[in-house]
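Chain and residue survey
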Amino acid sequence: MNRKRSLISDTFKVKKRRLGTESCFGVQVNGKNSILQDVPLDTKGALQYLASLFPRKLFNDTLPPIVLKHQLYSIKQDRTLVDRQLNELKDQGEILMFQLGFDTDAFAVVFAQDYKVKALAAAAGRETLGTVQKFLETVLPSCMDLSFNKEKMLKKFLFRDQEITQLVKSGVLTVRDAGSWWLAIPNSGRFTKFFIQGRKAVLGMIKKSKYKEVLQTDLECRKMTSHVKLGIQYHIHDIIGAELVECVPTTSGILLRLTDT
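Residues numbered from 1 in each chain as written. Predicted model: local features only at pLDDT ≥ 70, side-chain atom pairs only at ≥ 80, totals over all residues. Heavy atoms only, no water.

Glancing now at the packing of aromatic side chains. In this description, an aromatic ring pair is defined by two values, namely the gap between the centres and the angle between the planes. Per the stated rule, a full pass over the model turns up 11 aromatic pairs. Plain terms: the ring middles of phenylalanine 135 and phenylalanine 148 are 5.7 Å apart, the flat faces sit at 80° to each other, and that makes the pair edge-to-face. Taken together, the positions of phenylalanine 135 in helix 5 (residues 129-138) and phenylalanine 148 in strand 6 (residues 147-149) put the pair 13 residues apart, joining distant regions of the chain. Judged by its relative accessible area of 0%, phenylalanine 135 falls in the buried class. Under the relative-accessibility criterion, phenylalanine 148 is labelled buried at 1%. Taken together, the ring pairs connect Phe54, Phe59, Phe191, Phe194, Phe195 and Tyr234 into an aromatic cluster. (Phe/Tyr/Trp six-rings, centres within 6.5 Å; stacked < 30°, edge-to-face > 60°. Helix = DSSP H or I, 4+ residues; strand = E, 2+ residues; numbered from the N terminus. Buried < 20%, exposed > 50% of the residue type's maximum accessible area, 1.4 Å probe, protein only.)

Put into structure tokens, the structure is as follows:
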């Protein structure tokens, strides 16, 4: 078990930001943007683009499009600006953020309306539907926290213990520790599994390449293994934003070089 946890931890270690690090997708090669030249420069536009890469059909359209916060850093170089604009979108009720659990630095970003639609659909026809609807209507509009403690749920939002249990059962909340819960995405367990497998597989392909580096265009054209279910573009934004690879501009295009761990 310890070895398994160590492997997951190493794979999902988001590197500390290096000052001066360039966004791979912002680098110019021969005077032209590498890709994404039509993507809006604002954080919301980048978020919408990344959400469009999410493979809805893979999950039978039961999940809202999930974007990892650090994926945005693969598009926008100014991380401080990204964080500020994300907070603004969160305060405006446009997005929700989630702590995914497999890494303390891994946060998911989901458009609030998409989340509400999928959460209600997941609870449809079940005894938890009324409680889920109450949570979405009374808690989320007034509280954008990543987690909730028992005192707040009972005294501020007037939920009973039984209702909190129903929220956990429905997947809207997941246990953080005794007496507190993370806001969660119902039915997201398969996404987490596929994400872990996909990142490992893509990093493995780069590691096996000569000098542990590969042209981004070559990587995109490679036949993917069955472990890369979320799509290569989704994972490229992941490994760049998490600074697991270094982007090196060359005359042939962007070179992705595995960073030292």
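Below, the discussion takes up helix 8 (residues 189-208). Between its first and last C-alpha, helix 8 extends 29 Å over 20 residues, near the 28 Å set by a 1.5 Å rise per residue. Within helix 8, burial applies to Phe191, Thr192, Phe194, Phe195, Ile196, Gly198, Arg199, Ala201, Val202, Leu203, Met205 and Ile206. (Expected span 1.5 Å × (residues − 1).)

Our next topic: the environment of lysine 69. Position of lysine 69 among the secondary structure elements: in the loop between strand 3 (67-68) and helix 3 (79-91). Along the chain, lysine 69 and phenylalanine 98 lie 29 residues apart, while their C-alpha atoms are 9.7 Å from each other. Ignoring sequence-local partners within four residues, the contact set of lysine 69 consists of Asp83, Leu86, Met97, Phe107 and Val109. (Contact = heavy atoms within 4.5 Å.)

In terms of nonpolar packing, the biggest core is built from 39 residues, with Ile66, Tyr115, Phe135, Phe148, Met153 and Phe191 touching the most fellow members. Secondary-structure elements contributing two or more residues to this core are strand 4 (95-99), strand 5 (107-111), helix 4 (112-123), helix 5, helix 7 (161-170), strand 8 (180-183) and helix 8. For this core, the leading source of residues is helix 4, giving 4 residues. Those residues in contact with phenylalanine 135, other than ones at most four positions away along the chain, are Leu140, Phe148, Met153, Phe159, Leu167, Val172, Leu173 and Leu183. Of all hydrophobic cores here, the second largest spans 18 residues; its members include Val228, Leu244, Cys247 and Leu256. (Core = buried A, V, L, I, M, F, W, Y, C linked by side-chain atoms within 4.5 Å.)

Hydrogen bonds between backbone atoms are what pair the strands of a sheet, whose relative direction is either parallel or antiparallel. Spatial strand order, 3-5-4: 3 strands in an open sheet with antiparallel pairing. Because the sheet does not close on itself, it has two edges, and the strands there are strand 3 and strand 4. Across 5 bridges, the pairing between strand 4 and strand 5 is antiparallel. In the strand pairing of strand 5, leucine 96 is matched with valine 110. (Pairing = 2+ DSSP bridges.)

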